[in-house]
Amino acid sequence: MADWGKVFIPDTPLLEIVVRGSVMYLALFTLLRVILKRESGTTGVTDLLVIVLLADAAQNGMSGGYNSITDGLLLVGVIIGWSYLLNAVAYRWQAAARLIRPNSLVLVRDGEVMRDNMRRELITNEELHTLLRQQGVSDLADVREVRMEPDGRFSVTTRTPGRPRNGRSAGGFG
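**Description of the pairing of strand β4 (residues 154-158)**
Then, number 1: Across five bridges, the pairing between strand β3 (residues 143-148) and β4 is antiparallel. Its bridge partner lying in β4, M148 is registered against F154.
Then, number 2: Here β3 folds back onto β4, and the loop between the two strands holds five residues, one of which, G152, carries a positive phi near 95°.

Right, dumping it as structure tokens:
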């Protein structure tokens, strides 16, 4: 016979669930934002984080990692709450948006590789070369700009055919 009290009555202090959910969300958000921007691929960091943490929180609530559904639902609510709050703060305050939603990063401008930016994101010359080949670009001099976008994807803008190159040399990948 099912013990309905255990199913619906929390067995973990509610404040503990809120604190644990908050600390995990904010710690993972910071790590993904600072360290793994390029690894997040086509999914935004907050989207990826919410999906992973929700799956884990829901799994614990359903599988008995918590003894009550209430514990799992509260943790899911805390995770969604932090996601919403950070997005709302970034929407309302530009200074916060710069921390929460990173700007794109220029890797190549007018055929010139921005070495410091490449180094900061740990992108090698070979990775850049591969990216340009995938975009059909064989000569760095044909590139107006390469950016690493906030979601980790790369965008390549080439020069318009016949447009002058501002007197800059073509340069290479190395």
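What follows picks up the thread again.
**Some points on the sheet that holds strand β1 (residues 105-109)**
Then, number 1: Spatially, four strands are ordered β2-β1-β3-β4 in an open sheet, and the strand pairing comes out antiparallel. Two strands in the sheet have a free side with no partner beyond their single neighbour: β2 (112-113) and β4.
Then, number 2: Contacts between helix α7 (residues 125-134) and the sheet are confined to β1, β2, β3 and β4, with β3 contributing the most and set at about 115° to the helix.

**Things to note about a nonpolar patch on the surface**
Then, number 1: Together, W4, F8, I9, I69 and L73 give the surface a local cluster of nonpolar side chains, amounting to about 560 Å² of exposed area.
Then, number 2: Sorting the residues of the nonpolar patch by element identifies α1 (4-8) and α4 (69-92) as the ones contributing at least two each.
Then, number 3: Relative to the elements of secondary structure, I69 occurs in helix α4.
Then, number 4: Classification of I69 by relative accessible area gives partly exposed; the value is 36%.

**Let's talk about the pattern of salt bridges**
Then, number 1: Per the counting criterion, the structure on display carries six salt bridges.
Then, number 2: When the shortest N-O distance is used, the salt bridge between E126 and R133 registers 3.7 Å.
Then, number 3: Notably, a salt bridge pairs R147 with E145, separated by 2.7 Å at the nearest N-O pair.
Then, number 4: For R147, a relative accessible area of 22% translates into the label partly exposed.
Then, number 5: It is possible to trace a salt-bridge network through shared partners that takes in R109, E145 and R147.

**Digging into the pairing of β1**
Then, number 1: Of all the five residues making up β1, four are buried; the element is thus mostly covered by neighbouring parts of the structure.
Then, number 2: Note that β1 and β3 share four bridges and pair antiparallel. Across the sheet, L105 pairs through a bridge with M148, a residue of β3.
Then, number 3: Sheet topology places β1 next to β2; two bridges connect them, and they run antiparallel. Paired with R109 across the strands is E112, a residue of β2.

**Considerations on unusual backbone geometry**
Only a minority of non-glycine residues have a phi that is not negative, and only a minority of peptide bonds are not trans.
Then, number 1: For D110, which is not glycine, the phi torsion reads 50° and is therefore positive.
Then, number 2: Mapped onto the elements of the fold, D110 is located in the loop between β1 and β2.
Then, number 3: When its relative accessible area of 16% is taken as the criterion, D110 is described as buried.
Then, number 4: Despite not being glycine, L122 has its phi angle at roughly 60°, a positive value.
Then, number 5: Relative to the helices and strands, L122 is located in the loop between α6 (115-120) and α7.
Then, number 6: What makes L122 exposed here is its relative accessible area of 67%.

What counts, and where the lines are drawn
Residues numbered from 1 in each chain as written. Predicted model: local features only at pLDDT ≥ 70, side-chain atom pairs only at ≥ 80, totals over all residues. Heavy atoms only, no water. Pairing = 2+ DSSP bridges. Helix = DSSP H or I, 4+ residues; strand = E, 2+ residues; numbered from the N terminus. Contact = heavy atoms within 4.5 Å. Axes fitted to C-alpha atoms, helices over the stretch in contact; angles between N-to-C directions. Patch = residues over 30% accessible without salt bridge, like charges linked within 9 Å, V, L, I, M, F, W, Y side chains within 5 Å. Areas by Shrake-Rupley, 256 points an atom, 1.4 Å probe, with all protein chains shown as cover. Salt bridge = Lys/Arg side-chain N within 4 Å of Asp/Glu carboxyl O. Buried < 20%, exposed > 50% of the residue type's maximum accessible area, 1.4 Å probe, protein only.

By themselves, these figures tell us nothing about what the structure is for.
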